[in-house]
Amino acid sequence: MITRTRLAAGACALLAALAAGMAFPAGASAGEPTGEDAPKVDLVLDVSGSMRTRDIDGGTRMAAAKQAFNEVLDATPEEVQLGIRTLGADYPGDDRKTGCKDTAQLYPVGPLDRTEAKTAVATLAPTGWTPIGPALLKAADDLDGGDGSKRIVLISDGEDTCAPLDPCEVAREIAAKGIGLTIDTLGLVPNTKMRQQLSCIAEATGGTYTSVEHTDELTDKVNQLVDRAADPVVTPVATEGADACAKAPTLKSGLYTDREEFGQQRWYRVDVEPGQELRASVSVGADRAVNPSYGVLLRAVTVHGREIVRGEAAGDGRTDVLSTGLRYPKSESDEDGATAEAVCLQVTNSFSVAAGVKTTPGLPLELTVDVVDGPGDSDDVAAFGLGRGWWLLGLLVLVGFVAGLLWGWLSRWRFAIWRTN
């Protein structure tokens, strides 16, 4: 039994390694991290009047935020360019129009001077309104430029007070720009409405939402998010699909992002040389309330409209992201000077929303395109999806069979010796 278990584990490990080698071929492509630009983080802190409340470890919310910021500034990696923006820190009056413009850059995004940044944080005092939407727009401008990772970390203790500039819609607009910016949100002692709003902001850009009720939790989470910004990431390249194959943009291997209206179809083109294989996958996210029962379809068709292969997936409301994929190996050509085939990729969704839910901007769409050297023989393609790895599976089966026979023979021999003695 032990021998068989080890053999099974070895087979799984070898097959996993084989699959990894097939799925991630070498070579740079669009959307890969280059490491040339430093990662940027903008900490956006709510300094509205409600931050005076004493309900975090016996102190005020503002005191907890200051302590957390000081520890985060000490631990920020050298390669991260960090900035601090405030909202509600300067205007104490009752004029809503003025209060909703109250956002300022406390410390500019750039190389970190820890002493200077700590001194700036120490001057903060809870003051005014909660203009989350305007602060997010300005924070996106703070991070503008460069190809490195960009992250906004929003810390707030209340919902936005400056609607109709809905911060969730602002986050969707930022995501629609395709600049690879992620917004993470942290709610201090949250209520239901604030939790819903901060969750929506985070989900719109692929970020995370965390509720915080203790100072050490706040410190640990902000530190974690700043450290995450320093990790190498793949930034999708913004593209815009067409409404027909003939108008579609031609894509190379890489990761792309787009927006797709409800029930809309998007078209993209990929050139596939003889002997190459096209691998494509698409994910569509429901970044707002949608009706249950929906689907996503990805088709590869010729320029004349003939379907080559398709991938499809359906959902019932239990997940916010739906993904599917396909593979198309183009056989080698015996003709000299054979040209590449233009393959059109069609992405269609069947999401729908109830009355009152905004349909613009469209749903976030992420498309992965990979054109690699195809299998050498046509029979490799159908070999249980293993390509050239079928022989390895056969070898493992044979070794397992022989090992089983040897184990059985040894067991019977030991039993016979025991009976004799």
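Preceding this section is the structure that the text describes.
All values derive from a computational prediction rather than experimental measurement. (Residues numbered from 1 in each chain as written. Predicted model: local features only at pLDDT ≥ 70, side-chain atom pairs only at ≥ 80, totals over all residues. Heavy atoms only, no water.)

1. Looking at helix 6 (residues 167-176)
Link 1 in the chain: The buried fraction of helix 6 amounts to seven of the 10 residues, a majority that puts the element mostly inside the structure.
Link 2 in the chain: Buried within helix 6 we find Pro167, Cys168, Glu169, Val170, Ala171, Arg172 and Ile174.
Link 3 in the chain: Buried residues belonging to helix 6 abut helix 5 (132-142), strand 7 (181-188), helix 7 (192-204) and strand 10 (254-260).
Link 4 in the chain: Positive backbone phi, at 70 degrees, marks glycine 178, one or two positions downstream of helix 6. (Buried < 20%, exposed > 50% of the residue type's maximum accessible area, 1.4 Å probe, protein only. Helix = DSSP H or I, 4+ residues; strand = E, 2+ residues; numbered from the N terminus. Contact = heavy atoms within 4.5 Å.)

2. Here we look at unusual backbone geometry
Link 1 in the chain: The residue after threonine 360, namely proline 361, is reached through a cis peptide bond having omega -10 degrees.
Link 2 in the chain: Examined against the element boundaries, proline 361 turns out to sit in the loop between strand 16 (341-349) and strand 17 (363-373).
Link 3 in the chain: Phi angles above zero are rare outside glycine, and serine 293 is one such case at about 70 degrees.
Link 4 in the chain: Mapped onto the fold, serine 293 is located in the loop between strand 12 (276-285) and strand 13 (294-302).
Link 5 in the chain: For serine 293, a relative accessible area of 56% corresponds to the exposed category.

3. Considerations on the state of the cysteines
Link 1 in the chain: The final tally for this structure, using the stated rule, is three disulfides.
Link 2 in the chain: Note on cysteine connectivity: cysteine 168 is disulfide-linked to cysteine 200, with sulfurs 1.6 Å apart. Taking the sign of the torsion about the S-S bond as the criterion, the disulfide between cysteine 168 and cysteine 200, at about -45 degrees, is left-handed. One end of the pair, cysteine 168, is in helix 6; the other, cysteine 200, is in helix 7, with 32 residues separating them in the sequence. (Disulfide = S-S within 2.5 Å.)

4. Overview of a negative patch on the surface
Link 1 in the chain: Among the surface-exposed residues, Asp57, Glu71, Glu213, Asp216, Glu217 and Asp220 lie close enough to one another that they form a single negatively charged patch.
Link 2 in the chain: Of the residues forming the negative patch, the biggest block, three residues, is contributed by helix 8 (residues 215-230).
Link 3 in the chain: Mapped onto the fold, aspartate 57 is located in the loop between strand 2 (54-56) and strand 3 (59-60). (Patch = residues over 30% accessible without salt bridge, like charges linked within 9 Å, V, L, I, M, F, W, Y side chains within 5 Å. Areas by Shrake-Rupley, 256 points an atom, 1.4 Å probe, with all protein chains shown as cover. Salt bridge = Lys/Arg side-chain N within 4 Å of Asp/Glu carboxyl O. Lys, Arg positive; Asp, Glu negative; His and termini not counted. Charge placed at Lys NZ, Arg CZ, Asp CG, Glu CD.)

5. Here we look at the pattern of salt bridges
Link 1 in the chain: One pass over the full model with this rule turns up 16 salt bridges.
Link 2 in the chain: Of the charged contacts, one joins arginine 151 and aspartate 184 as a salt bridge, the two residues approaching to 2.4 Å between their closest N and O atoms. One end of the pair, arginine 151, is in strand 6 (residues 150-156); the other, aspartate 184, is in strand 7, and 33 residues separate them in sequence. Of the two residues, arginine 151 and aspartate 184, both sit in the buried class.
Link 3 in the chain: Aspartate 258 serves as the salt-bridge partner of arginine 266, at 3.3 Å between the closest nitrogen and oxygen. Summarising the burial analysis for this pair, arginine 266 and aspartate 258 share the class buried.

What is shown is where atoms sit, not what they do.
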